[in-house]
There are 2 protein chains.
Amino acid sequence: MHIAVTGAAGFLGQRLIRQLLDQGELRGQAITRLTLLDQVEAEVPGGSRVEVVSQARDITAAGAFDDMLDARPDVIYHLAAVVSSAAEADLDLGLAVNLDATRALLEGCRQRDLGNTRLIMASSVAAYGGELPETLDDMTALHPQNSYGTQKAMCELLINDYSRRGLVDGLVLRLPTIVIRPGRPNAAASSFASSIMREPLNGEEAICPVPTDLELFVMSPGKVVEALVHGAEVDGEAVGPFRAFMLPGITVSVAEMIDALREVAGSQAVERIRHEPDTKIQAIVGSWPTRFHTRRADVLGFERDRDFRDILQAFQEERH
Amino acid sequence: MHIAVTGAAGFLGQRLIRQLLDQGELRGQAITRLTLLDQVEAEVPGGSRVEVVSQARDITAAGAFDDMLDARPDVIYHLAAVVSSAAEADLDLGLAVNLDATRALLEGCRQRDLGNTRLIMASSVAAYGGELPETLDDMTALHPQNSYGTQKAMCELLINDYSRRGLVDGLVLRLPTIVIRPGRPNAAASSFASSIMREPLNGEEAICPVPTDLELFVMSPGKVVEALVHGAEVDGEAVGPFRAFMLPGITVSVAEMIDALREVAGSQAVERIRHEPDTKIQAIVGSWPTRFHTRRADVLGFERDRDFRDILQAFQEERH
């Protein structure tokens, strides 16, 4: 079992790689090789007997995937992407990385007859937008209101078509907002959602820029990685006539998140959250859909977090 | 008012051009120039004082749109496309013409600051597919089951994003099955729908390959051209958060079409239809959605045919 990962140096890539090496097998087959691809050489976890090749590549360059694909991976995790704010700031960069590189990857698979290679791409809740219903489902149209979501939605269509034609065995998982991310706050509009839990647990102050009745559709890093692993194992035929769908997040309000923090870490943690409304962040985050019927994912056996308290406790355990 | 038309030599392009020259104005402004683009030099209707430039271009070649865009058209009708059967037979050709050329056209507009140019692309009912609800609406997801529909759906997303960014003023109209087309039967699976009316009216035999209870979602050539003209006149802001939607066809069964033929041309015409079931055509045509709530188009003032009898009578009048 040879697994390739693009975007392997990122938060999700690194976590996925550790999980794969921990379990040592995928689809009941021993993992014998990992190929890691990123702009920089991705870190290779030590202590494993799996052959790990880490390549620094600009995936917008011609032939960037050649070495990786020549080795005929059984599963490809395509996590490399220009994120939403950057894709919005630079249309050409977003199109080159998010759309053209994905198309080059598909073409590379086609040229090498990798019709049985499972290609798993991460898409996003940002692909939804516009005048949305109260509760979304697998048949809700993608009307993205940002270039990142547009490029992801275009890739979904292309991966579906290449899969339908038997040129690759594709699967696209639309990710909910991932909380709680480790590390430091970043420029993402959703950064506060991790920050208001993580910083107080570390004895630091955090700013909550949104009203506490604001809801989010979230998934823990652990469950996202489980979903990526499970995505390699589901039967392509069973996915049905479209190879992209939303993963089962849970809907949680900021107030519920704060209540969970109080239960787990007491009032002194909650008092470290400063409420400073930011209308810009409210406008962006408030436009994201938060309620989904994820029937396709449920039927295929993808699992959601039980509740936010579970997410918080898992984060606490990992810190220690 | 300078109007450019790609695919200008086609059935729809020719009919649109005649209509534009007949009315002489668009958006209340006199039409002063028409630029026609196609693989071959499109026919230029005579007797008009409008400056008409007809260019033979391979739109997959670099710079194919340069001359057209340098003349800064106010409205562009982008009708050029590789149709469904050809796009299915040749993935590379479909991607080059339907996707890459449309992207090149958008980029050309962006480079020339044509943010106020109304770009109207024809999309198709073929963009829908998969497990569809009984009645579709503007929020039904596009899960195309053919490469043509995939490429059109990708262009819809791209045109929407370029419009959202103010790089062009785009609009995409998804066309129902167009009946009654003039001319001869062709290789399209829906060809019979025109054939079983047109040939009997000409005293010729026609073959009906589907059960008479099969339904179609149809629009007359006249109403499609009206929609293209109206598409230049609607306010881009009023279109809402997504620039693509289905045009208002009417749902009609083959039996209703045959009844209308009997009313208009008598039983001897109906007797010229031979019923020879073709499971292949049934499978393709039977998978197309036939019932839509086209709220977006209705609100914007796009009009449907009154009934199939109207369509048939209009065709009769045009023949004479």
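Just above, that's the structure.
Predicted model only: the values in this text are computed from it and were never measured.

**Considerations on the pattern of salt bridges**
Phase 1: Overall, the coordinates contain 48 salt bridges over all chains when judged by the stated rule.
Phase 2: Between A:Arg291 and A:Glu215 there is a salt bridge; the shortest N-O distance is 2.7 Å. Taken together, the positions of A:Arg291 in the loop between helix H10 (279-286) and helix H11 (295-299) and A:Glu215 in strand S11 (residues 215-219) put the pair 76 residues apart, joining distant regions of the chain.
Phase 3: Its relative accessible area of 26% is what places A:Glu215 among the partly exposed residues.
Phase 4: Sharing partners across several salt bridges, the network here consists of A:Glu88, B:Asp161, B:Arg164 and B:Arg165.

**What to know about helix H4 (residues 91-111) of chain A**
Residues and elements named next belong to chain A.
Phase 1: Here H4 spans 28 Å end to end across 21 residues, near enough to the 30 Å set by a 1.5 Å rise per residue.
Phase 2: Maximal helix bending in H4 amounts to about 30°, located at Asp100.
Phase 3: The distance from a side-chain oxygen at the start of H4 to the backbone nitrogen of Asp92 is 3.2 Å, and the residue carrying that oxygen is Asp90.
Phase 4: Directly after H4, the chain includes Asp113, whose backbone phi takes a positive value near 55°.

**What about the interface of chain B and chain A?**
Phase 1: Taken residue by residue, the interface counts 40 residues in chain B and 40 residues in chain A.
Phase 2: With both sides pooled, the region where chain B packs onto chain A buries about 3400 Å², and carbon together with sulfur makes up 53% of that total.
Phase 3: Remark: the boundary between chain B and chain A carries 10 salt bridges.
Phase 4: Ionic pairing is found between B:Glu88 and A:Arg165, a salt bridge with its closest N-O pair at 3.9 Å.
Phase 5: Applying the counting criterion to the chain B and chain A interface returns 26 residue pairs in polar contact (both at pLDDT 80 or more).

**Observations concerning unusual backbone geometry**
Phase 1: Residue A:Val179 is joined to A:Ile180 through a cis peptide bond whose omega torsion reads 0°.
Phase 2: At B:Arg72, a residue that is not glycine, the phi angle is positive and equals roughly 50°.
Phase 3: Looking at the secondary structure, you find B:Arg72 in the loop between helix H2 (66-70) and strand S6 (75-78).
Phase 4: One non-glycine residue, B:Asp113, lies in the positive phi region at around 55°.
Phase 5: For B:Asp113, the position within the fold is in the loop between helix H4 (91-111) and strand S7 (118-124).
Phase 6: A residue is classified by how much of its surface remains accessible, and B:Asp113, at 65% relative accessible area, is exposed.

**Quick word on the state of the cysteines**
Residues and elements named next belong to chain B.
Phase 1: Considering all chains together, one arrives at 0 disulfides over all chains under this definition.
Phase 2: A disulfide-free cysteine, Cys109 has its sulfur positioned 13 Å from the sulfur of Cys155, the nearest such atom.
Phase 3: Exposure remark for Cys155: the relative accessible area of 1% places this residue in the buried category.

**Considering the sheet that holds strand S4 (residues 33-38) of chain A**
Residue and element names in this part refer to chain A.
Phase 1: Ordered in space as S5-S4-S1-S6-S7-S8-S12, the 7 strands form an open sheet in which the pairing is parallel. Taken across any chain shown, the strands that pair with only one partner, and hence form the sheet edges, are strand S5 (51-56) and strand S12 (244-246). Each neighbouring strand pair of the sheet contributes to a mean axis angle of 15°, computed without reference to strand direction.
Phase 2: Strands strand S6 (75-78) and strand S7 (118-124) of the sheet are contacted by H4, whose axis makes an angle of about 170° with S6.

What counts and how
- Residues numbered from 1 in each chain as written.
- Chains lettered and ligands numbered in written order.
- Predicted model: local features only at pLDDT ≥ 70, side-chain atom pairs only at ≥ 80, totals over all residues.
- Heavy atoms only, no water.
- Salt bridge = Lys/Arg side-chain N within 4 Å of Asp/Glu carboxyl O.
- Helix = DSSP H or I, 4+ residues; strand = E, 2+ residues; numbered from the N terminus.
- Buried < 20%, exposed > 50% of the residue type's maximum accessible area, 1.4 Å probe, protein only.
- Expected span 1.5 Å × (residues − 1).
- Bend = angle between axes of the 7 residues up to and from the residue.
- Polar contact = N/O pair within 3.5 Å; in protein donor to acceptor, adjacent residues only side chain to side chain.
- Contact = heavy atoms within 4.5 Å.
- Buried area = accessible area lost by both parts, 1.4 Å probe.
- Disulfide = S-S within 2.5 Å.
- Pairing = 2+ DSSP bridges.
- Axes fitted to C-alpha atoms, helices over the stretch in contact; angles between N-to-C directions.

Function cannot be inferred from these measures alone, as they are strictly geometric.
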